[in-house]
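Chain by chain, the residues:
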Amino acid sequence: LMEKENAAFSRSFVQDADPMAVASEGKKYPNSCLYRVYAAGFEEFNTHAAVSENPGHKVLGTRGLRAFNAALDRAFVMQNKDLNSWLIFLTMAIAGGPFLGLLGTVWGVMNTFAAMAEAGEANLAAIAPGVASALATTVFGLIVAIPALFAYNYLITKVKGLTLDLNTFVDEYSVKVETTYG
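None of the values given here were measured: they were computed from a predicted structure.

**Here we look at the overall build of the protein**
Thinking step 1. Counting its secondary structure elements, the protein contains five helices and two strands.
Thinking step 2. Each helix and strand of the protein, placed in order from N terminus to C terminus, yields the pattern α-α-β-β-α-α-α.
Thinking step 3. Taken against the 2.2 N^0.38 rule, which gives 16 Å for 182 residues, the C-alpha radius of gyration of the protein at 28 Å runs more than 25% over that of a compact globule.
Thinking step 4. Principal axes of the C-alpha set define a box for the protein whose edges measure 100 × 30 × 20 Å.
Thinking step 5. With 182 residues in all, the protein has 33% of them scored as buried.
Thinking step 6. In the protein, once contacts between residues fewer than 6 apart in sequence are set aside, the share between residues at least 24 apart is 71%.
Thinking step 7. Taken as a whole, the protein presents about 11100 Å² of accessible surface, with 66% of it coming from carbon and sulfur.
Thinking step 8. Counting 13 positive and 16 negative side-chain charges, the protein places the averaged centre of each group 5 Å from the other.

Now the structure itself:
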């Protein structure tokens, strides 16, 4: 959804010669990280823009351009943080799942030895419960870690693409504002 809205917003932004003209279209892009960066820049622009000699035309001085670019950078960082914020849970599942499985394996082996010691002999009835619990926890750890690994790799690729789009948009927006209003 975010990628679709980013693409639609980007098309709208590129088509209009005035970089500030698409501000009114915000309701069309509630999930677009590009629009959120755009809105931060638009707000900063309105704070620092001054009316020029031409009626209806605004200009942005050197200080205003620096403030505008700083607002874009700040919004870029915030969007990047938001995009990456949930990946930590997948990272923990990838790293922790096998260790939980290993812990269960060790626990199951310990139970097996305890059952063998209690029974006084190594028979199937004494060994089976411990081995079963060891295998079950190993499987559980892998069931958690393997899908998390695939999901993480898929999502990190998507996040990298979105981050590149954001970075490109920040540069385009900055240049367009500087060219039009600087």
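**Quick word on the packing of aromatic side chains**
Thinking step 1. Tallied over the full model, the rule gives 16 aromatic pairs.
Thinking step 2. Relative to phenylalanine 42, the ring of tyrosine 38 lies with its centre 6.2 Å away and its plane at 20°, an arrangement referred to as stacked. In this pair, tyrosine 38 and phenylalanine 42 are both assigned in helix H2 (residues 33-48), four residues apart and thus about one turn of the helix distant.
Thinking step 3. Taking the relative accessible area as the measure of exposure, tyrosine 38 reaches 0% and is therefore buried.
Thinking step 4. By relative accessible area, which is 24% here, phenylalanine 42 ends up partly exposed.
Thinking step 5. Among the aromatic residues, those joined into a cluster by ring pairs are Phe9, Phe13, Tyr29, Tyr35, Tyr38, Phe42, Phe68, Phe169 and Tyr173.
Thinking step 6. When the ring centre of phenylalanine 13 is taken as origin, the NZ or CZ atom of lysine 176, which lies over that ring, is 4.4 Å away.

**Quick look at helix H3 (residues 62-84)**
Thinking step 1. End to end, H3 covers 33 Å across 23 residues, agreeing with the expected 33 Å (1.5 Å per residue, within 8%).
Thinking step 2. When H3 is considered as a whole, its buried residues turn out to be Gly64, Leu65, Ala67, Phe68, Ala71, Leu72, Ala75, Phe76, Gln79 and Leu83.
Thinking step 3. Elements in contact with the buried residues of H3: helix H1 (2-15), H2 and helix H5 (124-181).

**Here's the deal with the side chain of threonine 163**
Thinking step 1. Within the secondary structure layout, threonine 163 lies in helix H5.
Thinking step 2. In contact with threonine 163, not counting residues within four places along its chain, are Phe76, Asn80 and Leu83.

**Notes on the nonpolar core**
Thinking step 1. Core analysis: the biggest nonpolar cluster contains 33 residues, and Phe9, Tyr38, Tyr173 and Val177 have the highest contact counts within it.
Thinking step 2. Of all the secondary structure elements, the ones that give two or more residues to this core are H1, H2, H3, helix H4 (87-119) and H5.
Thinking step 3. If one sorts the elements of this core by residue count, H5 sits on top with 10 residues.
Thinking step 4. Apart from the residues within four sequence positions on either side, phenylalanine 9 is in contact with Val22, Tyr29, Ser32, Leu34, Tyr35, Tyr38 and Phe169.

What counts and how
Residues numbered from 1 in each chain as written. Predicted model: local features only at pLDDT ≥ 70, side-chain atom pairs only at ≥ 80, totals over all residues. Heavy atoms only, no water. Helix = DSSP H or I, 4+ residues; strand = E, 2+ residues; numbered from the N terminus. Rg over C-alpha atoms; globule rule 2.2 N^0.38 Å. Buried < 20%, exposed > 50% of the residue type's maximum accessible area, 1.4 Å probe, protein only. Contact = heavy atoms within 4.5 Å. Areas by Shrake-Rupley, 256 points an atom, 1.4 Å probe, with all protein chains shown as cover. Lys, Arg positive; Asp, Glu negative; His and termini not counted. Charge placed at Lys NZ, Arg CZ, Asp CG, Glu CD. Phe/Tyr/Trp six-rings, centres within 6.5 Å; stacked < 30°, edge-to-face > 60°. Lys NZ or Arg CZ within 6 Å of the ring centre and 35° of its normal. Expected span 1.5 Å × (residues − 1). Core = buried A, V, L, I, M, F, W, Y, C linked by side-chain atoms within 4.5 Å.

Keep in mind these numbers describe shape, not what the thing actually does.
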